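# Observations on the model geometry
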Amino acid sequence: VDTEAVVVHCSDHRFQAAFRDYLVEGLALRAYALMAVPGGGHFVSMGQFMPKFTKSNLQSISFLMKRTGAPRLILIGHDDCLFFRDQFQFYFTEATLSQRQFTNLRAARKQLLERFSGARVDIYFADAEADGSVQFIRID
Ligand SMILES: [Zn+2]
């Protein structure tokens, strides 16, 4: 089976099972290459503020895209991302943390589309509900 996508999501233990379920069942992926790093794909557009972290992680994405030949990149942000909250949120002006993350993920998508021309880039957000379930939103 060819690699269908390169997936970048956060390392946060609270969301790992939901991420996996969504990728396998929600998106019906059979083969994907995974990069789990603190903050997931939020680093992509933050090179100005964390140049080494961004460069190193972008090198990993480039490696995976090139070596697997995956036609699609998937970034998944999540509710209450501690890394985003600690490192990145202060560079944004939207009212809520989630809104800031949405803005950041859209900027990340834009940069990835420029960097990997021809690839499809999808961004999602895992929203934790009061009952403990996780709902996934596709970000336009
Ligand atoms: Zn996180």
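See above for the structure.
Residues numbered from 1 in each chain as written. Predicted model: local features only at pLDDT ≥ 70, side-chain atom pairs only at ≥ 80, totals over all residues. Heavy atoms only, no water.

## Overview of the coordination of the zinc ion
Ligation of the zinc ion by protein atoms is provided by C10 (SG), H78 (NE2) and C81 (SG), these donors lying 2.0 to 2.2 Å from the ion. Counting along the primary sequence, the residues that act as donors to the zinc ion give the motif C-x67-H-x2-C. Of this pair, C10 sits in the loop between β1 (5–9) and α1 (16–26) while H78 is found in strand β3 (residues 72–78), placing the two residues 68 residues apart along the sequence. The exposure class of C10 is buried, given its relative accessible area of 5%. (Donors = N, O, S within 2.8 Å, 3.2 Å for Na, K, Ca; no water. Helix = DSSP H or I, 4+ residues; strand = E, 2+ residues; numbered from the N terminus. Buried < 20%, exposed > 50% of the residue type's maximum accessible area, 1.4 Å probe, protein only.)

## Considering the sheet that holds strand β2 (residues 32–36)
Pairing is mixed in the open sheet, where 5 strands are placed in the order β2-β1-β3-β4-β5. The open sheet has two edge strands, β2 and β5 (134–138), and neither has a second partner. The average undirected angle you get between the axes of adjacent strands in this sheet is 20 degrees. Note: β3 against strand β4 (residues 120–128), 7 bridges, orientation parallel. What sits directly across from R72, in β4, is R120. Contacting β1, β2 and β3, helix α2 (residues 51–68) crosses the sheet at an angle of about 175 degrees to β2. Against the sheet, helix α4 (residues 97–115) touches β3, β4 and β5, its axis set at about 165 degrees to β4. (Pairing = 2+ DSSP bridges. Axes fitted to C-alpha atoms, helices over the stretch in contact; angles between N-to-C directions. Contact = heavy atoms within 4.5 Å.)

## Regarding the environment of L97
Note that L97 resides in helix α4. Once the C-alpha coordinates of L97 and D80 are considered, the two residues, 17 residues apart in sequence, prove to be 7.5 Å apart. Those residues in contact with L97, other than ones at most four positions away along the chain, are D80, C81, F84, R85 and Q89.

## What to know about the side chain of T54
One can find T54 in helix α2. Look at T54 and you get buried, because its relative accessible area is 4%. Dropping the residues within four chain positions of it, T54 is found in contact with F43, V44, M46 and G47.

## Here we look at the pairing of β2
Where burial is concerned, the two faces of β2 differ: the one with A33 and M35 is buried and the one with Y32, L34 and A36 is not. For the crossover that starts at β1, traverses α1 and ends in the parallel β2, the hand is right-handed. (Right-handed = clockwise from strand over helix to strand, strands pointing away.)

## Examining α2
The end-to-end C-alpha separation of α2 is 25 Å, in line with the 26 Å expected for 18 residues at 1.5 Å each. Listing the buried residues of α2 in full gives T54, N57, L58, I61, L64 and M65. Within α2, the buried residues cover an arc of 120 degrees as seen down the axis, which keeps them to one side. Among the exposed residues of α2, those pointing more than 90 degrees away from its buried face are K52, K55, F63, K66 and R67. On its buried side, α2 packs onto β1, β2, β3 and α4. Among the residues trailing α2, G69 stands out with phi positive, at a value near 70 degrees. (Expected span 1.5 Å × (residues − 1). Arc of directions from axis to C-beta.)

## What to know about the packing of aromatic side chains
Centre distance and the angle of the planes are the two values used to describe a pair of aromatic rings. If you walk through the whole model with that rule in mind, you get 11 aromatic pairs. Ring geometry for F83 and F88: centres 5.7 Å apart, planes at 80 degrees, overall edge-to-face. Like F88, F83 is buried. Taken together, a centroid distance of 6.2 Å and an interplanar angle of 70 degrees make the contact between F84 and F88 edge-to-face. Judged by its relative accessible area of 0%, F88 falls in the buried class. (Phe/Tyr/Trp six-rings, centres within 6.5 Å; stacked < 30°, edge-to-face > 60°.)

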